[in-house]
Number of protein chains: 2
Amino acid sequence: MAVIDRKKLIIEAAAKSFSLYGYKATTMDQVAKLANVGKGTIYTFFKTKEELFDEIINSLIADIRFEVESAMDDSAWILENVDRVLSRVHEFRKSHQLTIKLIQEERDMGTQTVVEAMQRVEQSIIQYMKAIIQKAIDKGEIKTCDPEVTAFVMLKMYFSLVNDWQRNHPPLKKEEIVTLFELYLLKGLLN
Amino acid sequence: MAVIDRKKLIIEAAAKSFSLYGYKATTMDQVAKLANVGKGTIYTFFKTKEELFDEIINSLIADIRFEVESAMDDSAWILENVDRVLSRVHEFRKSHQLTIKLIQEERDMGTQTVVEAMQRVEQSIIQYMKAIIQKAIDKGEIKTCDPEVTAFVMLKMYFSLVNDWQRNHPPLKKEEIVTLFELYLLKGLLN
DNA sequence: TAATGACCATTTGAATAAAATGGTCATTAT
DNA sequence: ATAATGACCATTTTATTCAAATGGTCATTA
């Protein structure tokens, strides 16, 4: 008879529950029930609820990394890659249940653990954008600059345009955003 | 005997109290006491607490406008002006008690009235930045672009750099911020 | 040896009572 | 007359309390 991989069951159950109810509203009893496992068993694999949550966030980060890396094209130039990566991230955020739930929990309740987790996710996105930018600098496509600040600014600008702008204005189309990115960050405003 | 300008007293007291305690923690009794005025008197000038608050926010907006406009030099070119305006706004935000308190209240408690007020302040800053940008376009200093989106992006980028960046990194110096601004938005990253 | 769930200390949340607050208006002062 | 006032009221906010829920443990069981 097959030995049941309890750790896997727990992780799956936790992922499901965090996606459905968020961090705070997920209880360890619930996860145990969902995983068909005794509550104590969870604690043989994860020291705390937060550690279990971190495991789930790690796979989220890995998923995003996969999404981003499959969008990248090393032969394409930087604007193309930045655009692809950012729009993939955006699509991901809009469609991925766990992400949606956590963004909501962060905004509405400000749960500390969730804020920190989202911070970690953002940092990891910045890390891969940093690599893209470094490559572009090496190739001589763009000026020498701090790749991390640059990645940070790009991400913030992108999210401002897709999230904040439409609070007071009709949303920008995808191509408009690319055009704005090109104008502001790459070509520059100066004549 | 001099007739006391009670409206003025009320406004001064309110400004002081909102600066000291924020919106929620300021009570109408308190304002009345501070202004040496009966509570009912406040209501002969302002229909509600929110209306009183709006009055204070209006002067805040006017103060910022004055600060920005006195920093501007129409004969200077845009890089110079961007530098001056940003530095002034930066100093203002750091030193102006009311602004500090309201930013804090918005972040920590999310008071609806405060969120809306800050939104209004932001919108008004964007409006005069828009005018500045339009002027630069007319003078041919910068490329043709939508002045409002441009103002919006500039402001968001500025706030990202001064507020969000230092959550994970040592804060950027004023001159660094100006340099980054010039690099990203004006000169552009392209080689 | 691995898994479990009854159990425990602490935290959370519901219920309620008490205090505080925004706003009104009959009365008072000018 | 008009302007100012503060006691007063309805509603909201806060403090208190206590039961239910929760994260985590560990002696028992498989």
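This text follows the structure it describes.
Residues numbered from 1 in each chain as written. Chains lettered and ligands numbered in written order. Predicted model: local features only at pLDDT ≥ 70, side-chain atom pairs only at ≥ 80, totals over all residues. Heavy atoms only, no water.

Draft legend 1. Highlighting the relation of the copies chain B and chain A. In the superposition of chain B on chain A (RMSD 0.8 Å, axial shift 0.3 Å), the rotation amounts to 178°. Those values place the two copies in the arrangement expected of a two-fold rotation axis. When C-alpha positions in chain B are compared against the rotation axis, the closest is assigned to Gly 188 of chain B, at 2.0 Å. Both copies share a contact surface, since 94% of the interface residues of chain B are interface residues in chain A too. (Least-squares fit on C-alpha atoms with pLDDT ≥ 70 in both. Contact = heavy atoms within 4.5 Å.)

Draft legend 2. Region of interest: the protein's contact with DNA strand C. Surrounding DNA strand C, one finds 14 residues, the nearest of these being Gly 40 and Thr 41 of chain A together with Met 28, Lys 39 and Lys 49 of chain B. The sugar-phosphate backbone supplies 60% of the atoms of DNA strand C found within 4 Å of the protein. The separation between a phosphate oxygen of DNA strand C and a polar main-chain atom of Thr 26 of chain B is 3.3 Å. Of all the secondary structure elements, the ones that give two or more residues to the surface near DNA strand C are helix H3 (39–45) of chain A together with helix H3 (39–45) of chain B. Across the surface near DNA strand C, the residue classes tally to 3 nonpolar, 7 polar and 4 charged. (Near = heavy atom within 4 Å. Polar contact = N/O pair within 3.5 Å; in protein donor to acceptor, adjacent residues only side chain to side chain. Helix = DSSP H or I, 4+ residues; strand = E, 2+ residues; numbered from the N terminus. Nonpolar A, V, L, I, M, F, W, Y, C, P; charged D, E, K, R; others polar.)

Draft legend 3. Focus on empty space enclosed by the protein. All names here are of chain B. Considering all chains together, one arrives at 6 cavities of 30 Å³ or more under this definition. The volume enclosed by the largest cavity comes to roughly 200 Å³. Val 82, Val 85, Leu 86, Met 129 and Met 154 are, among the 16 residues lining the largest cavity, the residues nearest its centre. Listed by contribution, the elements that provide at least two residues to the lining of the largest cavity are helix H5 (78–95), helix H7 (112–138) and helix H8 (147–164). Counted by class, the lining of the largest cavity contains 15 nonpolar, 1 polar and no charged residues. (1 Å grid on protein atoms, 1.4 Å probe; cavity = no way out; pocket = protein on both sides within 12 Å on 5 of 7 lines; lining within 4 Å. Points joined across faces, edges and corners; volume = space filled by probe spheres on them.)

Draft legend 4. Structural context of the packing of helix H1 (residues 6–21) of chain A against helix H2 (residues 28–35) of chain A. All names here are of chain A. Where H1 contacts H2, the two axes come as close as 8 Å, and the packing angle between them is 125°. As the angle between them shows, H1 and H2 are arranged oblique. Handedness of the H1/H2 crossing: right-handed. Of the residues in H2, those touching H1 at Leu 9, Ile 10, Ala 13, Ala 14, Lys 16, Ser 17 and Tyr 21 are Gln 30, Val 31, Leu 34 and Ala 35. For the contact of H1 with H2, the class distribution of residues is 8 nonpolar, 2 polar and 1 charged. (Axes fitted to C-alpha atoms, helices over the stretch in contact; angles between N-to-C directions. Parallel < 35°, antiparallel > 145°, perpendicular 65-115°, else oblique. Left-handed = near helix turned anticlockwise from the far one by under 90°.)

Draft legend 5. Broad picture of unusual backbone geometry. Residues and elements named next belong to chain A. Even without being glycine, Asn 36 reaches a positive phi, approximately 55°. Following the sequence through the fold, Asn 36 ends up in the loop between H2 and H3. Given the relative accessible area of 71%, Asn 36 is considered exposed. (Buried < 20%, exposed > 50% of the residue type's maximum accessible area, 1.4 Å probe, protein only.)

Draft legend 6. Structural detail: the layout of surface pockets. All names here are of chain A. Of the pockets and cavities examined, the second largest pocket occupies roughly 180 Å³. Around the second largest pocket, the lining is made up of 14 residues, and of these His 90, Val 162, Leu 172, Lys 174 and Ile 177 lie nearest the centre. Elements that contribute at least two residues to the lining of the second largest pocket include exactly helix H5 (78–95), helix H8 (147–164) and helix H9 (174–187). By residue number, the principal contributor to the lining of the second largest pocket is H5, which donates 5 residues. In terms of residue class, the lining of the second largest pocket is made up of 6 nonpolar, 3 polar and 5 charged.

Draft legend 7. Representation of the protein's contact with DNA strand D within the structure. Taken together, 14 residues surround DNA strand D, and among them Met 28, Lys 39 and Lys 49 of chain A together with Gly 40 and Thr 41 of chain B come closest. For DNA strand D, the backbone makes up 59% of the atoms found within 4 Å of the protein, where backbone means sugar plus phosphate. Met 28 of chain A is positioned with one of its backbone polar atoms (N or O) 2.7 Å from a phosphate oxygen of DNA strand D. Measuring from a phosphate oxygen of DNA strand D, one finds a side-chain N or O atom of Tyr 43 of chain A at 3.1 Å. Broken down by secondary-structure element, the contributors of at least two residues to the surface near DNA strand D are H3 of chain A together with H3 of chain B. Here the surface near DNA strand D is composed, by residue class, of 3 nonpolar, 7 polar and 4 charged.

Draft legend 8. Region of the structure containing the interface of chain B and chain A. Facing the 35 residues of chain B at the interface are 33 residues of chain A. Buried surface at the junction of chain B and chain A, both sides included, amounts to about 3300 Å², of which 65% is carbon and sulfur. Here chain B and chain A share 2 salt bridges between them. Between Asp 164 of chain A and Lys 156 of chain B there is a salt bridge, with its nearest N and O atoms 3.4 Å apart. Contributing elements (two or more residues each) for the side of chain B that touches chain A: H7, H8 and helix H9 (174–187) of chain B. With 11 residues, H8 of chain B is the single largest residue contributor to the side of chain B that touches chain A. (Buried area = accessible area lost by both parts, 1.4 Å probe. Salt bridge = Lys/Arg side-chain N within 4 Å of Asp/Glu carboxyl O.)

Draft legend 9. Spotlight on the packing of aromatic side chains. Under the definition given, this model contains 11 aromatic pairs over all chains. Measuring from ring centre to ring centre gives 4.6 Å for Tyr 23 of chain A and Phe 53 of chain A, while their planes differ by 55°; the resulting arrangement is tilted. With Tyr 23 of chain A in the loop between H1 and H2 and Phe 53 of chain A in helix H4 (residues 49–71), this pair connects stretches of sequence that are 30 residues apart. Each member of the pair, Tyr 23 of chain A together with Phe 53 of chain A, is buried. Relative to Phe 152 of chain B, the ring of Trp 165 of chain A has its centre 5.0 Å away and its plane inclined at 75°; by these criteria the two rings are edge-to-face. Of this pair, Trp 165 of chain A sits in the loop between H8 and H9 while Phe 152 of chain B is found in helix H8, placing the two residues in two different chains. In this structure Trp 165 of chain A comes out as buried when scored by relative accessible area, which is 6%. Residue classification places Phe 152 of chain B among the buried residues on the basis of a relative accessible area of 4%. (Phe/Tyr/Trp six-rings, centres within 6.5 Å; stacked < 30°, edge-to-face > 60°.)

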